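# A closer look at the structure
So you can see what is in the structure, the chains are spelled out below.
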Amino acid sequence: MTRKREFKSQEIYVNMGPQHPSTHGVLRLMLRTDGEIVSDVAPMIGYLHRCAEKYGESGTYQMMIPYTDRMDYLAGMNCNWAYCLAAEKLGNVVVPERAEYIRIVMGELNRIASHLIAFGTYGLDLGAFTPFFYALDEREKILDLFEMVCGARLTYSYFRIGGVSQDLPEGWEQRCNQFIDDFRLRMKEFNDLLSHNYIFIKRTADVGVISPAMAIDYGCTGPVLRGSGVRWDLRIDEAYSLYDRFRFQIPIGRGEKGAIGDSWDRYMVRIREMEQSCDIIKQALRGLPDTGEYRAKVPKVFKPPKGEVYVRSESSKGELGFYLISDGTDRPYRVKARSPSLSNLCVLPAISEGMMIADLVATLGSLDIVMGEIDR
Amino acid sequence: MEIQEIHARLAREFPDAVEAPPEVTSGETFLKVTAASIQDVCRFLKTESDLEFDSLMSLSGVDYPPEELVVVYHLCSTLRRHRVVLKVFVPREDPKLPTVSSVWPTANWHEREAYDLFGIRFLGHPGLRRILLPHDWEGHPLRKDYVFPTEYRGIKCHD
Amino acid sequence: MPILENKFEENVVFSTVDEMINWCRLSSIWPMTFGLACCAIEMMAVGAGQYDMDRFGAGAFRATPRQSDLMIVAGTVTYKMAIRIKRLYEQMPDPKYVMALGVCASAGGPYYEHGYHVLKGVDKIVPVDIYVPGCPPRPEALFDGLLKLQEKIRHQKVLRRPDDEEIAALQAQTEQYDQETRKLHPVPKEYRG
Ligand code: SF4
């Protein structure tokens, strides 16, 4: 009996998250799917809204620093830095040279640590477990270095307005140098393990393509923007701190395995950035002045003059900006954090139409979001 | 391009909409734009060939009780490397202004956030809902006179 | 264990059934993969090579509450999330345990004072067995919490029938719990899209 049966498919709503292993925290995606095909994605955020901006207004300028750590908890140093930059610009504080060098070393080390997590968890998302262990192994070494300078593994609060909280301990530079040398060798393993893995390329190439114009329109920054082939890095384009003294390249996506701006490109930008960060750290350790202050003399009661600034810096996820308004007292009138992950995530609905669910996971992983920063 | 030049350009195009940048002793200065014309000004800034503000860095609300709420736009041009700050003052009682999410898609979420935390209504926004807080939350927490809740769905907030 | 292999006659071990059951339970606690905030990163580190939670039989992180025994609440609980956490907890099969990792989950932590959207301790919605302080707790602290939990499980009474007083107390507890739950549920239909 052969009667033609007509198959009718029906669109259904599927909730992905907030408890889902591949949404990197408490992101909730509302998917409208037809079988495996996603026809619409609506990210829902706010499950980690911790009122950081309210805290900014309720305390003094220094009291905000620990909360910036907890915004992007994978790159606490970079968040500290961005906030301190804003406060320093507001109060016209000049940071001593040695402090600047220390900051650059810390910022770049933290960038490596953050990209390592991105690398490891991206592997996890796509079903490869081993890279995660490799990445976290290396990350532990960086955390050891951080522990030596400030005693914390994750929430450092190492930066102060005008410098850093304490000087480098003895023998730290050698250890850092040693780590970088070892790490460079490990990078090759990473590439063998994941980057040029056939299955991995099949899963990520041509998936989740973001065109350059779209990336700029949606406010994407950092590796997401550079993955789309736009050469834009605040470390060079708005050389803050002492970055104009350093020589390094900005890796961009070139569409080696598929279209420009696909998931593989974004992933590869991060891997290459780690190499560049190694270069920067090497240069910084070489240029680090032996003597000098590690913190400028900033009064305990820090009262910047009336005014407002918006200062941005390149954190590991992209452009992290702080908008500070001072009313002349020792408390900020308004603190607004412009988080890179928020803008990087809001491009997701635009690119994910017609994707398979598995590809959606690959795309989301390549955006490398941190919920603490999105929700603040 | 400096802010004075940008102001001159805008003043030619929109005579009544933009005020001259006030003198500030420290920090950055800004252009004050009227609420009604913000969308046109933004579109002009984005599309004009010698301005090309292609990226909206940040959109924030600020509360100045008892009268005003301010929406601050930080714009930047990745091609021409200049920046400008726009401010729109809206009354605190009935804060509304046109959306710019049709100009920069990234403004969509930023505006939802400003709505969520300050209660500023963006007219013409494709889906103005709370973004960070739950949809049945009361009040707008970043307003200066916000009173902390004592209970949410039966969960006590403080002991 | 080559030193012990093939060295003995056939053996008998005397123990109580309770002890035996508890021993089974405590040696393979399966935690739920469930990260909320910064503390979750420490939890990840604990799962990885250097610290290796598998040494204590608790390395099998499950992604679904239906297969897990231990809910590690790692991070800040917000009101928006609290309702979901409660639901996750209810989906776990008995016996279930909850560990509040970090000061946020224990009591609100750094977000106690002005955190209008932060739940001041996850024990307001689910019963907590172990509190691990720290912001974030070091991996060693998490292990300590895990060992304490194992100690707790070791002393549980599984088979003994409770007497009337205990039953009454349990019933009262359950009723109170149900009432609180009813306030949270049903969750109104969320916005779509
Ligand atoms: S206890 Fe500290 S580290 Fe843990 S979630 Fe809270 S703020 Fe983050």
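Worth saying up front: this structure is predicted, and the values here are computed from it rather than measured. (Residues numbered from 1 in each chain as written. Chains lettered and ligands numbered in written order. Predicted model: local features only at pLDDT ≥ 70, side-chain atom pairs only at ≥ 80, totals over all residues. Heavy atoms only, no water.)

From N to C terminus, chain C includes 6 helices and 3 strands. In terms of principal-axis extent, the alpha carbons of chain C reach across some 65 × 50 × 35 Å. Considering chain C as a whole, with its 193 residues, one finds that 42% of them fall into the buried category. For chain C, restricting intrachain contacts to residue pairs at least 6 apart in sequence, the fraction spanning at least 24 positions comes to 79%. With 23 positive and 25 negative side-chain charges, chain C shows a spacing of 9 Å between the two charge centroids. (Helix = DSSP H or I, 4+ residues; strand = E, 2+ residues; numbered from the N terminus. Buried < 20%, exposed > 50% of the residue type's maximum accessible area, 1.4 Å probe, protein only. Contact = heavy atoms within 4.5 Å. Lys, Arg positive; Asp, Glu negative; His and termini not counted. Charge placed at Lys NZ, Arg CZ, Asp CG, Glu CD.)

What follows concerns the sheet that holds strand S8 (residues 332–338) of chain A. All names here are of chain A. Judged by pairing direction, the sheet is antiparallel, and its 3 strands sit side by side in the order S6-S7-S8 without closing on themselves. Of all strands in the sheet, those with a lone pairing partner are strand S6 (307–314) and S8, marking the two edges. Going across the sheet, the axis of each strand differs from the next one's by a mean of 15°, ignoring polarity. The strands touched by helix H3 (residues 76–91) within the sheet are S6, strand S7 (319–326) and S8, with S7 carrying the most contacts at an inclination of about 35°. (Pairing = 2+ DSSP bridges. Axes fitted to C-alpha atoms, helices over the stretch in contact; angles between N-to-C directions.)

The subject of this paragraph is the site of the ligand. Surrounding the ligand, one finds 15 residues, the nearest of these being Arg-70 of chain A together with Cys-38, Cys-39, Cys-104 and Cys-135 of chain C. Chains contributing residues near the ligand are chains A and C. Secondary structure elements with two or more residues in the shell around the ligand: helix H2 (38–47) and helix H4 (102–107) of chain C. Element by element, the count of residues in the shell around the ligand is highest for H4 of chain C, at 3 residues. (Near = heavy atom within 4 Å.)

Okay, the interface of chain C and chain A next. Across the contact, 41 residues belong to chain C and 36 residues belong to chain A. Carbon and sulfur atoms supply 63% of the area that chain C and chain A bury against each other, a total of about 3400 Å² over both sides. Our count for the chain C to chain A interface comes out at 2 salt bridges. Among the ionic pairs, Arg-153 of chain A bridges to Glu-42 of chain C, the shortest N-O distance being 2.7 Å. At the surface where chain C touches chain A, the tally comes to 17 residue pairs in polar contact (both at pLDDT 80 or more). Where the side of chain C that touches chain A is concerned, the elements lending two or more residues are H2 and helix H3 (79–91) of chain C. Residues that form the side of chain C that touches chain A fall into these classes: 23 nonpolar, 11 polar and 7 charged. (Buried area = accessible area lost by both parts, 1.4 Å probe. Salt bridge = Lys/Arg side-chain N within 4 Å of Asp/Glu carboxyl O. Polar contact = N/O pair within 3.5 Å; in protein donor to acceptor, adjacent residues only side chain to side chain. Nonpolar A, V, L, I, M, F, W, Y, C, P; charged D, E, K, R; others polar.)

Residue and element names in this part refer to chain C. Of the voids in this model, the largest pocket is the one considered here, and its volume is about 1100 Å³. The wall of the largest pocket is formed by 25 residues, among which Tyr-89, Asp-94, Gln-156, Leu-170 and Gln-173 lie closest to the centre. Ranked by residue count, the leading element in the lining of the largest pocket is helix H6 (residues 164–184), at 7 residues. Within the lining of the largest pocket, the residues separate by chemical class into 10 nonpolar, 4 polar and 11 charged. Roughly 920 Å³ of volume is contained in the second largest pocket. (1 Å grid on protein atoms, 1.4 Å probe; cavity = no way out; pocket = protein on both sides within 12 Å on 5 of 7 lines; lining within 4 Å. Points joined across faces, edges and corners; volume = space filled by probe spheres on them.)

A complete count under the given rule lists 50 salt bridges over all chains for this structure. For Glu-108 of chain A, the salt bridge is made with Arg-111 of chain A, and the minimal N-O distance between the two is 3.1 Å. Separated by 3 residues within a single helix, Glu-108 of chain A and Arg-111 of chain A lie in helix H4 (residues 97–125), roughly one turn from each other. For Arg-111 of chain A, a relative accessible area of 1% puts it in the buried group. Residue Glu-113 of chain B pairs with Arg-376 of chain A through a salt bridge whose shortest N-O separation is 2.7 Å. Separated into two different chains, Glu-113 of chain B in helix H3 (residues 107–118) and Arg-376 of chain A in the segment after helix H15 (371–375) make up a pair that spans both. Of the residues examined, Glu-113 of chain B reaches a relative accessible area of 4% and is grouped as buried. The structure contains a network of salt bridges with shared partners spanning Lys-89, Glu-238, Arg-312, Glu-319 and Arg-338 of chain A together with Glu-28 and Arg-83 of chain B.

With that settled, the discussion passes to the environment of Glu-67 of chain B. Residues and elements named next belong to chain B. Secondary-structure assignment places Glu-67 in the loop between strand S3 (55–64) and strand S4 (68–76). When its relative accessible area of 57% is taken as the criterion, Glu-67 is described as exposed. Taking the C-alpha atoms as reference points, Glu-67 and Leu-132, separated by 65 residues in sequence, lie 25 Å from one another.

All names here are of chain B. Judged from the 3 bridges that link them, strand S2 (residues 31–33) and strand S5 (residues 83–91) form a sheet pairing that is parallel. When the sheet's bridge partners are listed, Val-33 is paired in S5 with Val-88. The sheet contact formed by S4 and S5 spans 9 bridges and is antiparallel. Looking at the pairing, Leu-75 lines up with Val-84 of S5. Where S4 folds back onto S5 in an antiparallel hairpin, the turn is made up of 6 residues, including Arg-81, whose phi is positive at roughly 55°.

Residues and elements named next belong to chain A. Taking 1.5 Å of rise per residue, the 16 residues of H3 would be expected to cover 22 Å, and the 22 Å separating its terminal C-alpha atoms lies within 8% of that figure. Counting buried positions along H3 yields 15 of 16 residues, so the element is predominantly enclosed. In the stretch just after H3, Asn-92 is the one whose phi turns positive, near 55°. (Expected span 1.5 Å × (residues − 1).)

On to the nonpolar core. One recurring pattern in soluble globular proteins: nonpolar side chains tend to sit buried together. Tyr-158 of chain A together with Tyr-73 and Leu-86 of chain B are the most contacted members of the largest nonpolar core, which has 211 residues in total. Of all the elements, H4 of chain A adds the most residues to this core, at 12 residues. Residues Ala-40, Tyr-51, Ala-58 and Ile-130 of chain C belong to the second largest nonpolar core, which totals 22 residues. (Core = buried A, V, L, I, M, F, W, Y, C linked by side-chain atoms within 4.5 Å.)

A few words on the packing of helix H1 (residues 17–27) of chain C against helix H5 (residues 139–154) of chain C. Each packed pair of helices is defined by two parameters, the angle between the axes and the distance between the axes. Residues and elements named next belong to chain C. Where H1 meets H5, the closest approach of the two axes is 8 Å, and the angle between their N-to-C directions is 160°. Relative to H5, the element H1 lies roughly antiparallel. The crossing of H1 and H5 is right-handed. Here Asn-22, Arg-25 and Leu-26 of H1 lie close against H5, whose contacting residues are Gln-150, Ile-153 and Arg-154. (Parallel < 35°, antiparallel > 145°, perpendicular 65-115°, else oblique. Left-handed = near helix turned anticlockwise from the far one by under 90°.)

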